[in-house]
Structure formats: C-alpha cells, structure tokens
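# Structural description and commentary
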Amino acid sequence: MAAPAPRRVHWEDVPADDPPLDPLAVERRLRRERARRRAREEHERERQLARLRFLALVGFLLFLTLFLSLSVWETVRAAFGL
C-alpha cells in the first residue's frame, strides 16, 4: 500500500526556480506569519501578566491570613488572659 500524500507542502520544499502560482502569495504568506508571530508574542505577554496577577493575589491572601490570624490570636489572648 502506498504512503498517503502529504497534506501540506512546506515553504522550504518549494523549488526556488518555480514562480509562485499567485503573485501575491508571498505577501500573504509574510502577512500571515507576522500575524502569527504577533499573536504568539501577545499570548506570551498575557501569560506573564496572568502569572503576576496570580502571585499578587496569593501574596495578598497570605498577608490577609497572617493579619487576621494575629488579630484573632491577640483578641483571644486578651479575652482569656493567655
């Protein structure tokens, strides 16, 4: 049984001496690649910002927990004379 044909031709596999079928194909390809790169960079920036927001929230909740714990402990100590 023959191997299945590749579904997509890689850009590097196209011979350099053959002109593209569409004269605007190169421009469309460049625009698409630039858009993909921008989307990838934007996604990475959003991941970094989400990581910072998460760490800030965890830090705030830790601070709040410590503050409330110490406040409650001081109130209990004062009330019961510990």
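Everything here concerns the structure above.
Residues numbered from 1 in each chain as written. Predicted model: local features only at pLDDT ≥ 70, side-chain atom pairs only at ≥ 80, totals over all residues. Heavy atoms only, no water.

### A few points about the pattern of salt bridges
Counted by the stated rule, this structure contains four salt bridges. For E44, the salt bridge is made with R47, and the minimal N-O distance between the two is 3.3 Å. With E44 and R47 both in helix α1 (residues 25–80) and three residues apart, the pair spans about one turn of that helix. A relative accessible area of 33% places E44 in the partly exposed class. A salt bridge links R77 to E74; its shortest N-O distance comes to 2.6 Å. Here the residue R77 and the residue E74 both occupy positions in helix α1, the gap between them amounting to three residues, near one helical turn. Classification of R77 as partly exposed rests on a relative accessible area of 35%. For E74, a relative accessible area of 39% puts it in the partly exposed group. (Salt bridge = Lys/Arg side-chain N within 4 Å of Asp/Glu carboxyl O. Helix = DSSP H or I, 4+ residues; strand = E, 2+ residues; numbered from the N terminus. Buried < 20%, exposed > 50% of the residue type's maximum accessible area, 1.4 Å probe, protein only.)

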